[in-house]
Amino acid sequence: MNDKPLIAAQNLSVHYPLRGGLIGPKPYVGAVENVSIQIAAGSFFGLVGESGSGKTTLGRAMLRAAPITKGDVHFDDGEVSYSLKNLGKQDLKDYRKRAQLIFQDPYAALSPRMTVRDIIAEPLEVMGLTKSRSETDERVREIANKCRLNVEHLRRFPHAFSGGQRQRISIARALVSGPKFIVADESVAALDVSIQADVLNLLKAIQKDMGLTFLFISHDLSVVAHVCDHVAVMYLGRIVETAPTRTLFSNPRHPYTRALLSAIPSLDPDDRGKAQKLEGEIPSPTNPPPGCKFQTRCPAAIDRCRVEEPVLESAGTEHHVACHRWKELSA
């Protein structure tokens, strides 16, 4: 892994406008608010949080598939350097070759009317990366082999495959253009546990073989612990804690992170019933609470938390946390 960031978000915000607001400020959904993260080249970076926390929107913004309202995302692979907010049409087309998405649902992500060969070959043809059909077929066979798909699979249609095989087809389609950066959005959530392990091992093998950088979005912390080397925890559009995986799992600082980790199922009878229950639902991003956004559900919230929003501060080597009370709660 390289310490130099391949892609970095700086004070990134993504807002979606709502109807209404004829008088005064126009209402909006703040899906991502003031997020700053750096993903080192060659890393497997995990992003976790509850449903509705903004994980998918952040991942799509880093692919320039969601609008960047404020801040920016910088991509630098040593060959090109882009500011995604100001990306022109031609540069955006080039960026699509270098950054790809693996979708969550392998059943909905593949066209039932296309053969596997055509599905994998489509990015090559749309982007004009190959000059002949024979060259396209050679590239398709090469990437299919990396994804553990047999040559005879290329003539079939998606309905003939299991969930795990379909996800390998989706992975092959994402890799065929030769990207440097991959966003895997809940890419194993729809699969059985045994199939999950197979796909995760495939992703790690491909990462090592092709020198890829992954943003791995998941709500399953046990999966994140298995594959990721750095993790960011997201709540209501904000990063509340980020650290190397071992540090985060062994010494979580933020109350929200602790609650998430305590909910991981355990086979140890002594650990059962120790999950920290969070009261209430995640607040609406259209009307977030003042101060710390977690204060409505945090058992350690004080008056300061209700009026002043915490910022990320250092809690150790590569460890940052956004909490007013993290020092005393860790004592």
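I will try to describe carefully the structure that is included in this document. (Residues numbered from 1 in each chain as written. Predicted model: local features only at pLDDT ≥ 70, side-chain atom pairs only at ≥ 80, totals over all residues. Heavy atoms only, no water.)

**Details of the packing of helix H3 (residues 116-127) against helix H4 (residues 133-146)**
Where H3 contacts H4, the two axes come as close as 10 Å, and the packing angle between them is 120°. One element, H3, and the other, H4, form an angle in the oblique class. Crossing handedness for the pair H3 and H4: right-handed. Across the interface between the two elements, Arg117, Ile120, Ala121, Leu124 and Glu125 of H3 pack against Arg133, Thr136, Asp137, Arg139, Val140 and Ile143 of H4. Residues that form the contact of H3 with H4 fall into these classes: five nonpolar, one polar and five charged. (Axes fitted to C-alpha atoms, helices over the stretch in contact; angles between N-to-C directions. Helix = DSSP H or I, 4+ residues; strand = E, 2+ residues; numbered from the N terminus. Parallel < 35°, antiparallel > 145°, perpendicular 65-115°, else oblique. Left-handed = near helix turned anticlockwise from the far one by under 90°. Contact = heavy atoms within 4.5 Å. Nonpolar A, V, L, I, M, F, W, Y, C, P; charged D, E, K, R; others polar.)

**Points about the packing of aromatic side chains**
Geometrically, a pair of aromatic rings is defined through the distance of the ring centres and the angle of the planes. For the structure on display, the rule yields seven aromatic pairs. Seen from their ring centres, phenylalanine 44 and phenylalanine 216 are 5.8 Å apart, and the 50° between their planes marks the pair as tilted. Taken as a pair, phenylalanine 44 in strand S3 (residues 44-48) and phenylalanine 216 in strand S8 (residues 213-218) lie far apart in primary sequence, 172 residues in all. With a relative accessible area of 0%, phenylalanine 216 lands in the buried category. Among the aromatic residues, those joined into a ring-pair cluster are Phe44, Phe214 and Phe216. (Phe/Tyr/Trp six-rings, centres within 6.5 Å; stacked < 30°, edge-to-face > 60°. Buried < 20%, exposed > 50% of the residue type's maximum accessible area, 1.4 Å probe, protein only.)

**Examining the sheet that holds strand S9 (residues 230-235)**
The strand order S6-S7-S8-S3-S9-S10-S12-S11 describes an open sheet built from eight strands, whose pairing is mixed. Strand pairing shows two members of the sheet lacking a second neighbour, strand S6 (99-102) and strand S11 (313-316), which therefore form its edges. Between one strand and the next, the sheet's axes are offset by a mean angle of 25°, whatever the strand orientation. As defined by bridge partners, S3 adjoins S8 across five bridges and the pair is classed as parallel. Following the sheet pairing, leucine 47 is matched in S8 by isoleucine 217. Of the strands in this sheet, S9 and strand S10 (238-244) touch helix H9 (residues 255-262), which is tilted by about 105° from S9. (Pairing = 2+ DSSP bridges.)

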